[in-house]
Amino acid sequence: MSHGHLRQLRHDAERPTKLDEGEYLQTPKQKAQYDQLSACINCMLCYAACPQYGLNTEFTGPGVLALLHRYNADFRDGAKERRMEIVNTETGVWGCTLVGYCSEVCPKEVDPAKAVNLNKLSSTMDYFLRFVSPKKGARQ
Amino acid sequence: MSGRSPYVRPMTNWWLKNPFYIRYMVREATSLFVAVYAFILLAGLASLEKGEEAWNGWLASLTNPVAILFHLLVLAAALYHTVTWFKVSPKVSPSLFIGNHRVPDKLITGVQYIIAAVAYLTLFIIAWI
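Quick caveat: nothing in here was measured; it's all calculated off a predicted structure. (Residues numbered from 1 in each chain as written. Chains lettered and ligands numbered in written order. Predicted model: local features only at pLDDT ≥ 70, side-chain atom pairs only at ≥ 80, totals over all residues. Heavy atoms only, no water.)

**Notes on the interface of chain B and chain A**
Turning to step 1, where the next piece is worked out: Taken residue by residue, the interface counts 21 residues in chain B and 27 residues in chain A.
Turning to step 2, where the next piece is worked out: Between chain B and chain A, a total of about 2000 Å² is buried, with carbon and sulfur atoms accounting for 59% of that surface.
Turning to step 3, where the next piece is worked out: Three residues stand out in chain B for area buried against chain A, namely Arg9, Phe20 and Lys91 of chain B, and they jointly supply 30% of the buried area on that side.
Turning to step 4, where the next piece is worked out: As a salt-bridge pair, aspartate 111 of chain A and lysine 91 of chain B come within 3.1 Å of each other at their nearest N and O atoms.
Turning to step 5, where the next piece is worked out: At the junction of chain B and chain A, the tally comes to eleven residue pairs in polar contact (both at pLDDT 80 or more).
Turning to step 6, where the next piece is worked out: For the side of chain B that touches chain A, the secondary structure elements donating two or more residues are helix H1 (19–50) and helix H3 (65–92) of chain B.
Turning to step 7, where the next piece is worked out: Its residues assigned to classes, the side of chain B that touches chain A shows eleven nonpolar, five polar and five charged. (Contact = heavy atoms within 4.5 Å. Buried area = accessible area lost by both parts, 1.4 Å probe. Salt bridge = Lys/Arg side-chain N within 4 Å of Asp/Glu carboxyl O. Polar contact = N/O pair within 3.5 Å; in protein donor to acceptor, adjacent residues only side chain to side chain. Helix = DSSP H or I, 4+ residues; strand = E, 2+ residues; numbered from the N terminus. Nonpolar A, V, L, I, M, F, W, Y, C, P; charged D, E, K, R; others polar.)

**Let's talk about the packing of helix H6 (residues 80–88) of chain A against helix H8 (residues 112–132) of chain A**
All names here are of chain A.
Turning to step 1, where the next piece is worked out: Taken N-terminus to C-terminus, the directions of H6 and H8 make an angle of 105°; their axes are 10 Å apart at the nearest point. By the criterion of interaxial angle, the relationship of H6 to H8 is roughly perpendicular. Along the contact surface, H6 presents Lys80, Met84, Val87 and Asn88, while H8 presents Asn119, Ser122, Ser123 and Asp126.
Turning to step 2, where the next piece is worked out: For the contact of H6 with H8, the per-class residue count stands at two nonpolar, four polar and two charged. (Axes fitted to C-alpha atoms, helices over the stretch in contact; angles between N-to-C directions. Parallel < 35°, antiparallel > 145°, perpendicular 65-115°, else oblique.)

The structure is reproduced here in structure tokens:
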């Protein structure tokens, strides 16, 4: 499950502007939004540490959700909406109960627990914004 | 289907196998004590609405040694709940920035202790006067 998601995310990055518009200029603050998350080395220790993944391997899990947030938090990418489909499902962020052991064992201090829990906020916003933003509701 | 047979770790009594998991389970269990205490306070509020006799009855029930013991237990649970919650709060709050630098997690936790200390001190002073 998680390997499938990992593969899917690999090809998921999407440039919101056209190539001929030139390169992106990124401030240190914009870089700091995702810097920590990009340090992931796919060691999968967070999966070994996560009891929710141990109990249900359908759960997307900390590593993939952290990688997903790495792109969501980077303004050079425009595919957040597509990724939120993974986040919002029952096997997405809501499988996490904030045990926090994933962040404890992470050798690169990626803090996957933070990435997952920030996306609970995004997922909640997504849910409520459906009612005020008809565009989102109509999307297939 | 591939011929792979991936290792699936056994999860029986998983939370007893690691002190970190035990602390997590205790943290989650303390919320039950907080909930029970909320009901005790609600009962107090309901008795206040009923009249003086009911209110005094509720106050008297709190002086029971069992009630005092229970309150001490709830206090310990609530303190544990607070400490662990302050510890994980940087993980549930969006990253804060001062200039171009991210505010360190320890500072977020520390500021919460300061706010809590000020709030409790203010409450004690108000109750004292």
